[in-house]
Every structure is written in structure tokens, then in C-alpha cells.
Amino acid sequence: KTPLYRIDGAFSAIRKAALDADPNSWPASFDLDSFDEAGERILFAIQKVDGDFYSVVFASKGTSQVVQIYKESKAQVDNSIEDFDRIVRLLREAGCPGV
């Protein structure tokens, strides 16, 4: 697996910290629902883009098929960047140190 797939471990660690948090700590005020939604979209996008780029190997060269695959993948990546920004914002709003 590529390093991008390891992001799930980071998401799991944040989720666990929020669920096990002392009521007076920053993880207790973390918006876990919004975090989970953004995280799931990111994980889906990583899998989709990975599969799409693999399919480029089999796409007919010189057709619009390759262009369409790249276009759809770029949209997935752009949406994931927005979701990562959303997660960082959620962490800041909760008072996560170092963010």
C-alpha cells in the first residue's frame, strides 16, 4: 500500500482520542461527526484515484478516455484537499495543540 493509504491510521488515532477524551481536554470538543464525514470522503477519493490511474494503463491511447480519467481524478484530489483543510480547521477550532 502507498503512504496515502496510511492516512486511515491517523484518522483512527484522532477518532480514538476524541472518543476516549477527558471532558475538559481539546479532543472532547472535537466535531467528530464532521471529521468522520470528511475522512470517509478522503479515503474514498484515494481509493478511486488509485484505481483510476491504474485503469489508465488499459485505456485506449489517443482517445478522450484518458483525458476523462485524469479530469475525474483531478476533481477527486481537489475535493480531498478541501476536506483536509476542513479537518485542519476542525482541529484548530477544538484547540488541538500544534495545528
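Above this text you will find the structure in question.
Cut-offs applied
Residues numbered from 1 in each chain as written. Predicted model: local features only at pLDDT ≥ 70, side-chain atom pairs only at ≥ 80, totals over all residues. Heavy atoms only, no water. Helix = DSSP H or I, 4+ residues; strand = E, 2+ residues; numbered from the N terminus. Rg over C-alpha atoms; globule rule 2.2 N^0.38 Å. Patch = residues over 30% accessible without salt bridge, like charges linked within 9 Å, V, L, I, M, F, W, Y side chains within 5 Å. Areas by Shrake-Rupley, 256 points an atom, 1.4 Å probe, with all protein chains shown as cover. Salt bridge = Lys/Arg side-chain N within 4 Å of Asp/Glu carboxyl O. Axes fitted to C-alpha atoms, helices over the stretch in contact; angles between N-to-C directions. Parallel < 35°, antiparallel > 145°, perpendicular 65-115°, else oblique. Left-handed = near helix turned anticlockwise from the far one by under 90°. Phe/Tyr/Trp six-rings, centres within 6.5 Å; stacked < 30°, edge-to-face > 60°. Buried < 20%, exposed > 50% of the residue type's maximum accessible area, 1.4 Å probe, protein only. Core = buried A, V, L, I, M, F, W, Y, C linked by side-chain atoms within 4.5 Å. Contact = heavy atoms within 4.5 Å.

## A short note on the overall build of the protein chain
Of regular secondary structure, the protein chain possesses three helices and zero strands. Seen in sequence order, the protein chain has helices and strands lined up from the N terminus as α-α-α. Taking 13 Å as the expected radius of gyration for a compact globule of 99 residues, we find that the protein chain reaches 17 Å, considerably beyond that expectation. Seen along its three principal axes, the alpha-carbon backbone of the protein chain occupies a region of about 60 × 25 × 20 Å.

## Overview of a nonpolar patch on the surface
Where nonpolar side chains cluster on the molecular surface, the patch consists of Y54, V57 and F58 and spans about 390 Å² of accessible area. On the secondary structure map, V57 appears in the loop between α2 (32-56) and α3 (64-94).

## Describing the packing of α2 against α3
Across the interface, α2 lies against α3 with an axial gap of 9 Å and an inter-helix angle of 155°. By the angle between their directions, the pair α2 and α3 is classed as roughly antiparallel. Handedness of the α2/α3 crossing: left-handed.

## Some remarks on the packing of aromatic side chains
For the structure on display, the rule yields five aromatic pairs. Consider the rings of W26 and F30, whose centres lie 6.2 Å apart with planes at 85°: the pair is edge-to-face. On the basis of relative accessibility, which here comes to 7%, the residue F30 falls in the buried class. Grouped by ring-pair contacts, the aromatic residues F11, W26, F30, F35 and F84 constitute a single cluster.

## Comments concerning the nonpolar core
In terms of nonpolar packing, the biggest core is built from 14 residues, with F11, F30, L32, F35, I42, I87 and L91 touching the most fellow members. Counting only elements with at least two residues in this core, the list comes to α1 (7-19), α2 and α3. Ranked by residues supplied to this core, first place goes to α2 with six residues. The contact partners of F30, leaving out residues within four places of it in the chain, are I14, A18, F35, L90, L91 and A94.

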